[in-house]
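# Inside the fold
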Amino acid sequence: MSASYVTALLITSWRITVINQENLTEDDQEVIMNLSQAYLEWWEATLQEGVREGQHQVVENLLRVPFGSLDDELEQVIEPLLQLPPPEYSRLLPAMSC
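Described in the following lines is the structure provided in the data block.

Reading guide: rules and limits
- Residues numbered from 1 in each chain as written.
- Predicted model: local features only at pLDDT ≥ 70, side-chain atom pairs only at ≥ 80, totals over all residues.
- Heavy atoms only, no water.
- Helix = DSSP H or I, 4+ residues; strand = E, 2+ residues; numbered from the N terminus.
- Rg over C-alpha atoms; globule rule 2.2 N^0.38 Å.
- Buried < 20%, exposed > 50% of the residue type's maximum accessible area, 1.4 Å probe, protein only.
- Contact = heavy atoms within 4.5 Å.
- Areas by Shrake-Rupley, 256 points an atom, 1.4 Å probe, with all protein chains shown as cover.
- Core = buried A, V, L, I, M, F, W, Y, C linked by side-chain atoms within 4.5 Å.
- Salt bridge = Lys/Arg side-chain N within 4 Å of Asp/Glu carboxyl O.

### Concerning the overall build of the protein
Counting its regular elements, the protein contains four helices and zero strands. Secondary structure elements in the protein, listed N-terminal to C-terminal, are α-α-α-α. For 98 residues, the compact-globule estimate of 2.2 N^0.38 gives 13 Å, and the protein exceeds it by more than 25% at 21 Å. C-alpha atoms of the protein, sized along the principal axes, occupy 70 × 25 × 15 Å. Taken over 98 residues, the protein has a buried fraction of 15%. Here the analysis covers contacts within the protein between residues at least 6 apart in sequence; of these, 40% occur between residues at least 24 apart. With an accessible surface of roughly 7300 Å², the protein has 57% of that area assigned to carbon and sulfur atoms.

Structure below.
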């Protein structure tokens, strides 16, 4: 587990504990709101990173089918392909093996 993941889990646990307290000060409420926003931003970034890694793996696998292994030249094609929408790179990949 990464340090940022563990930190986010600790912040979430702390937030749940604090919210369950009955007498929250204005400062407590403000800290909770700020940490909640930071957590949501972290979570969104983590999800986007996971999607990106998944797309990278799909393109790699689709390139391996016609070419077998990926040499340096094919590795360099992956990132530019990922800049395209998935339907576009999915259409282009089979054409690359011709």
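### A word on the nonpolar core
One finds Val59, Leu63, Leu70, Leu74, Ile78, Leu81, Leu82, Tyr89 and Leu93 forming the largest nonpolar core, which totals nine residues. Every element with two or more residues in this core is listed here: α2 (26-67), α3 (72-82) and α4 (86-96). Ranked by residues supplied to this core, first place goes to α3 with four residues. Beyond its immediate stretch of four places on either side in the chain, Leu74 contacts Leu63, Phe67 and Ser69.

### Thoughts on the pattern of salt bridges
Within this structure, the stated rule accounts for three salt bridges. The salt bridge partner of Glu79 is Arg52, with a shortest N-O separation of 2.7 Å. Pair noted here: Glu79 is in helix α3 and Arg52 is in helix α2, with a separation of 27 residues, a long-range link. Two residues, Arg91 and Glu88, come together in a salt bridge whose shortest N-O distance is 2.5 Å. Here Arg91 and its partner Glu88 are both found in helix α4, three residues apart, which amounts to about one turn of the helix. Exposure remark for Arg91: the relative accessible area of 52% places this residue in the exposed category.

Take it as geometry only, folks, not as evidence of what the structure does.
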